[in-house]
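Structural description and commentary
Okay, here's what each chain looks like letter by letter:
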Amino acid sequence: MIGGLTTFSIRFLKEVFIPPYEVDQIRKHMIELGMKTLPIVGVTGFIIGLVIAMQLSPVLKRFGAEAFLPGSVGISIVRELGPVICALIFAGRVSSGIGAELGSMRVTEQIDAMEVSGVNPFRYLVVTRIFATTFILPILTVYVIFISLIGAYIAVVLVQNMTWAYYIDRVIFAVEFGDAIPGVSKTFVFGFIVGLVGSFKGYTAENGTEGVGKASTSAVVVSSLLILIFDMVLVKLTLWIWPTVK
Amino acid sequence: MANGEVMIEIKDLHKSFNSNVVLDGVSFNVTEAENMVVFGRSGTGKSVLLKCMIRLMEPDAGSVFIEGKNVLNLDLKELNNLRKSIGFLFQGAALYDSMSVRENLEFPLIRNFHLDKKEIDKRVHFVLDAVSLLEAIDKMPSELSGGMKKRIGLARSIITKPKLMLYDEPTTGLDPITSKEISALITDLQHRLKMTSIVVTHDLLCAKIIADRAIILDGGKIVKEGSINDLVTSEDPLLKNFFSDEIIENNGSMK
């Protein structure tokens, strides 16, 4: 599978620069995938923010560091929780959907029909989807970070008397450029992984409806796993490029 | 019907899936405007033969010449150009689920030909009229019956005015009446549009209606070639056995 995925991504990189660029299809997929995922990532982000603040509050209190609660929550959400949770939810929702959609098109010969009519199905179906997931996930991540911070604020208000303006001020004070940019930037890679794995599994599906089910399920499993592996690598890489400890 | 010029020449075509030999040295010619039927039981490699001809599958060995060009030597751009002059009706019609009938029909025209909206509309209405389904223009594929899907699939195949039509089991899964209607429709379109066609089928009635000439594929090889009547009345034990089964399957439709 690693060989197949590598070949598939090389083919993507070859074809993505060749016109026509299918701008309408990319825009359509970005809107569809974004709108489809917006509610679920919003709810998840809100709950994660709320819970992480509730969990951190008593721990910081133990060390007499309650004043650091907004900053700690902000850094956790911006650097790691927001991007990774959003990417994992996105993988579950979108990678499986792409796997099932393309898998179904494969087993019902719709992709063959496209090929026979002289249209390049890889460019029309795959390149557009990978491009869309790569660029929509960072936007969703920014949204999730914002919603998570609202969730965390609600938890903070429950234990401390703090205004929204003061809370945001503390968050902005704590979160540096070196926290925000790498956190969001790595979601371009996560988005690429989601689109790539979903498309690969669907495009190469076989054995009828059973194959479609397998493509959909394994797209989620593989893309989630790859997101976590690449997160590990990217965290190490960003800490090397952008050391935050002064 | 055929005017004698060879349009398709298949030479010694081989295709295997692991140890399973599906095509074992298949060779035949099809002349311009001829309706050739490739006849055989299920699983004898008929669909694989069609797919190898336009490289939806890559054959292991052999050559396929269409209008003098060896399809197997073409690069992707040349292959796509050739494919634009070929129509293909898939077994399940292969309509694009996410598009309406109109969008399905417009798709190959918009993607491959620089036609204005008026010409596209004209062609869409012409092919829908040809398959008697003008009323389905704004329907989605999920709203169509099996027979209607086949008709729309046929309409999409001919909308680009192909020189060559390939039909993969055009009547499979249809009731005998619809099956007969589709076969008659294919013959009618062949006569009107003067296309060369290869029809893969195991439906004897369909073959009888469509075929100018037929070949029988068995065990990956061509075992007989000739007119359908010659093949049906042959004293060859293999053919007698083959057609008696087919006639029973078609409920005596040859009578």
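Here the structure is a predicted model, which means the values were calculated and not measured.

Attention shifts here to helix α3 (residues 69-107) of chain A. Residue and element names in this part refer to chain A. Given a rise of 1.5 Å per residue, 39 residues ought to cover 57 Å, and the 53 Å separating the end C-alpha atoms of α3 matches this to within 8%. Along α3, the sharpest change in direction is near 55 degrees and occurs at I77. Counting buried residues in α3 gives 33 out of 39 residues, a clear majority hidden from the surface. Just past α3, the residue E109 takes up positive phi, approximately 65 degrees.

All names here are of chain B. The four strands lie next to each other as β2-β1-β4-β5, forming an open sheet whose pairing is antiparallel. Two strands bound the open sheet, and with one partner strand each, they are β2 (20-31) and β5 (69-70). By the bridge criterion, five bridges tie strand β1 (residues 6-17) to strand β4 (residues 61-66) in an arrangement that is antiparallel. Paired with I10 across the strands is V64, a residue of β4. The strands that helix α1 (residues 46-53) touches are β1, β2 and β4; relative to β2, the one it contacts most, it runs at about 65 degrees.

Bridge count for β1(B) against β2(B) is nine bridges, and the pairing is antiparallel. Looking at the pairing, K15(B) lines up with L23(B) of β2(B).

Turning to the confidence of the model for chain A, a few remarks are in order. Considering every residue of chain A, the mean pLDDT works out to 91; 99% of them sit at 70 or more. Highest mean pLDDT in chain A belongs to α3(A) (94); lowest belongs to helix α6 (residues 164-174) of chain A (86).

The next thing to look at is the domain arrangement of chain B. Residue and element names in this part refer to chain B. Each assigned domain of chain B is listed with its residue range as follows: domain 1 (1-85 + 164-182 + 196-249) and domain 2 (92-161). A C-alpha centroid distance of 25 Å is found between domain 1 and domain 2. Counting from both sides, the interface comprises seven residues of domain 1 and, opposite them, six residues of domain 2. Grouping the constituent residues of the side of domain 1 that touches domain 2 by class yields four nonpolar, two polar and one charged.

Looking now at the sheet that holds strand β9 (residues 213-218) of chain B. Residues and elements named next belong to chain B. A sheet is described by the order of its strands in space; here six strands give the open sequence β6-β7-β8-β3-β9-β10, paired in mixed fashion. Lying at the two open borders of the sheet, with one neighbouring strand each, are β6 (86-89) and β10 (221-226). When the angles between neighbouring strand axes are averaged without regard to direction, this sheet yields 15 degrees. As paired elements, strand β3 (residues 35-39) and strand β8 (residues 196-201) share five bridges and run parallel to each other. Looking at the pairing, M36 lines up with I198 of β8.

Rules and cut-offs
Residues numbered from 1 in each chain as written. Chains lettered and ligands numbered in written order. Predicted model: local features only at pLDDT ≥ 70, side-chain atom pairs only at ≥ 80, totals over all residues. Helix = DSSP H or I, 4+ residues; strand = E, 2+ residues; numbered from the N terminus. Expected span 1.5 Å × (residues − 1). Bend = angle between axes of the 7 residues up to and from the residue. Buried ≥ 20, exposed ≤ 12 C-beta atoms within 10 Å, placed from the backbone. Pairing = 2+ DSSP bridges. Contact = placed C-beta atoms within 7 Å. Axes fitted to C-alpha atoms, helices over the stretch in contact; angles between N-to-C directions. pLDDT = per-residue confidence, 0-100. Domains from an automatic or database assignment. Nonpolar A, V, L, I, M, F, W, Y, C, P; charged D, E, K, R; others polar.

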